[in-house]
Amino acid sequence: MGLIRSWVESANGEDCPFPLNNLPCGVFSVSDDEPRCGVAIGDCVLDVARLEEAGLLALPGKPLLDVPFWNEVMGAGPAVWAALRDRLTALLAEGAPDRAAAEPFLHPLVDVSLHMPFLVSEYTDFYAGRNHAFNVGTMFRGPENALPPNWLHIPIGYNGRASSVVVSGTDVRRPWGQVKGPDHAVPSFQPSRRFDIELEMGAVVGTPSIGPVTVAEADDMIFGYVLLNDWSARDIQAWEYQPLGPFQAKATATTISPWIVMKAALEPFRTATPAREVPLLPYLNEPRPMLYDIALEVALQPEGGAETIIARTNYAEMYYSAPQQLAHHTTSGCAMNTGDLLGSGTISGPTKESRGSLLELSWGGKEPIAISGGTRTFIEDNDTLTLRGQCKGDGYTIGFGDCTGKVIPALADPYAR
Ligand code: CA
């Protein structure tokens, strides 16, 4: 399928991230207005909340968009998601009879502020990138024991904090934490000196589940995907992570892109997970391709300086897909809710330039990387980190919007009072 042309002319450009094929879901406000749901189209946002209020969306049942988050739509299930896309496509397509009715509901993107697109119910983060797990394991344990014995059998994860999730553009304050002292000395409490990013995709759960679900059912439950930066304090993590995994190192912030790209927009870019190195237990097998070909990059910009792209990779590098992770998450009987967010795990490719964290790019801080006007091992104060992702279709592009955050200096000692 090629570009679906829209009467919003800016949506028809080959490189526009928001063509009619995309219709990503966000929450926006204009000046001091209340935040409300909108859909990006070209260089505009369509106010779908007011469209519904005006009776122009014709979705079945009760209002779903009279709240400043997408959870009501997400929980309504795949038939409603499809009906919404069909109706928006009919309103915005080239030659649409309802153009005059819809046009007053457009706002230029440059005039709006973007907010969290959904209420995060709970947040789980995985460790499902083969190259990332191998790189980190090699640094910590050597190449012979790089992958833990469970890694090729189970999508490893931990329960994160929903309260850590913030929308792109939110500043991230360098955290304080407890770090290991030299040898057997007492640990110290200090601002993190090894603050890092993790380039990930986030899967957003739409329909809830009770009890174990199959991989196919899990795929049906997913509403869409966002870019996700799992900010990580490596020095805090190294001291705290045994035996229960990361805790405060990952709790400072998790930044997501402002737009949820619905699964339907990603459908042409489906691709299979890489070949299995050992067979999976049957419950984890994928009945069809469930990863996506999404080109990803990370940019670092020092305060007042030029941006450098420090990594380029692809979501298709993951060993486990989000539906496999979600299915595994339910094996215990764990209920999943509308608004649950699943981080993929750091997405690193096989080459040095395709590593999705500074820990890997600088090999534990031993090999500084070149950036415009200097070098970096880990993030310095007032650096801005931006994740970007795009799918290239036949004459069109699917984008997520920038997933960006500036790291601002640590507070003075928070306990000195
Ligand atoms: Ca992570």
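Everything numeric in this text was worked out from a predicted model, so none of it was measured.

Some thoughts on the coordination of the calcium ion
Line of reasoning, step 1. In the first shell of the calcium ion, the protein supplies Asp-125 (OD), Glu-198 (OE), Glu-200 (OE) and Asp-230 (OD), at 2.2 to 2.3 Å from the metal.
Line of reasoning, step 2. On the primary sequence, the residues serving as donors to the calcium ion are separated as D-x72-E-x1-E-x29-D. With Asp-125 in strand E6 (residues 123-126) and Glu-200 in strand E13 (residues 199-205), this pair connects stretches of sequence that are 75 residues apart. Taken individually, Asp-125 and Glu-200 each receive the classification buried, so the pair is uniform in this respect.

Notes on the side chain of Arg-376
Line of reasoning, step 1. Mapped onto the fold, Arg-376 is located in strand E24 (residues 374-376).
Line of reasoning, step 2. A distance of 2.8 Å separates the side chain of Arg-376 from the side chain of Asp-383, its partner in a polar contact.

Digging into the domain arrangement of the chain
Frequently, the measure chosen for interface size is the accessible area removed from exposure when the parts meet.
Line of reasoning, step 1. Segmentation of the chain into domains returns domain 1 (9-115) and domain 2 (123-408).
Line of reasoning, step 2. Of the roughly 2100 Å² buried where domain 1 meets domain 2, counting both sides, 70% is carbon and sulfur surface.
Line of reasoning, step 3. A per-residue breakdown of the area domain 1 buries against domain 2 is headed by Cys-25, Met-74 and Trp-81, which together make up 28% of the total.
Line of reasoning, step 4. The interface formed by domain 1 and domain 2 holds 1 salt bridge in total.
Line of reasoning, step 5. A salt bridge links Asp-15 to Lys-392; the shortest N-O distance between them is 2.7 Å.
Line of reasoning, step 6. Scanning the region where domain 1 abuts domain 2 turns up 5 residue pairs in polar contact (both at pLDDT 80 or more).
Line of reasoning, step 7. Of all the secondary structure elements, the ones that give two or more residues to the side of domain 1 that touches domain 2 are strand E1 (25-30), strand E2 (36-41), helix H2 (71-76), helix H3 (78-92) and strand E5 (112-115).

Points about the sheet that holds E2
Line of reasoning, step 1. Taken in spatial order, the 5 strands of this open sheet run E4-E3-E2-E1-E5, and their pairing is antiparallel. Two strands close off the open sheet at either side, each with one partner strand: strand E4 (106-108) and E5. On average, adjacent strands in this sheet sit at an angle of 50° to one another, irrespective of strand direction.
Line of reasoning, step 2. With 3 bridges connecting them, strand E3 (residues 44-46) and E4 associate as antiparallel partners.

Brief notes about the side chain of Gln-325
Line of reasoning, step 1. Following the sequence through the fold, Gln-325 ends up in helix H9 (residues 322-329).
Line of reasoning, step 2. Here Gln-325 falls in the buried class, since its relative accessible area comes to 1%.
Line of reasoning, step 3. In this structure the side chain of Gln-325 is engaged in a polar contact, spanning 3.1 Å, whose partner is the backbone oxygen of Ser-344.
Line of reasoning, step 4. Those residues within four positions of Gln-325 in sequence are excluded, and the remaining contacts are Phe-126, Ala-128, Pro-155, Tyr-320, Leu-342, Gly-343 and Ser-344.

So, unusual backbone geometry
Line of reasoning, step 1. In this structure, the amide linkage connecting Gln-242 to the following residue, Pro-243, adopts the cis form with an omega of 5°.
Line of reasoning, step 2. Mapped onto the elements, Pro-243 comes out in the loop between helix H7 (234-240) and strand E16 (254-256).
Line of reasoning, step 3. In this model, Ala-58 sits at a positive phi of 55°, which is unusual for a non-glycine residue.
Line of reasoning, step 4. With respect to the helices and strands, Ala-58 occurs in the loop between helix H1 (48-53) and H2.
Line of reasoning, step 5. Of the residues examined, Ala-58 reaches a relative accessible area of 67% and is grouped as exposed.
Line of reasoning, step 6. In this model, Asn-382 sits at a positive phi of 70°, which is unusual for a non-glycine residue.
Line of reasoning, step 7. For Asn-382, the position within the fold is in the loop between E24 and strand E25 (384-392).
Line of reasoning, step 8. For Asn-382, a relative accessible area of 21% gives the class partly exposed.

What counts, and where the lines are drawn
- Residues numbered from 1 in each chain as written.
- Predicted model: local features only at pLDDT ≥ 70, side-chain atom pairs only at ≥ 80, totals over all residues.
- Heavy atoms only, no water.
- Donors = N, O, S within 2.8 Å, 3.2 Å for Na, K, Ca; no water.
- Helix = DSSP H or I, 4+ residues; strand = E, 2+ residues; numbered from the N terminus.
- Buried < 20%, exposed > 50% of the residue type's maximum accessible area, 1.4 Å probe, protein only.
- Polar contact = N/O pair within 3.5 Å; in protein donor to acceptor, adjacent residues only side chain to side chain.
- Domains from an automatic or database assignment.
- Buried area = accessible area lost by both parts, 1.4 Å probe.
- Salt bridge = Lys/Arg side-chain N within 4 Å of Asp/Glu carboxyl O.
- Pairing = 2+ DSSP bridges.
- Axes fitted to C-alpha atoms, helices over the stretch in contact; angles between N-to-C directions.
- Contact = heavy atoms within 4.5 Å.

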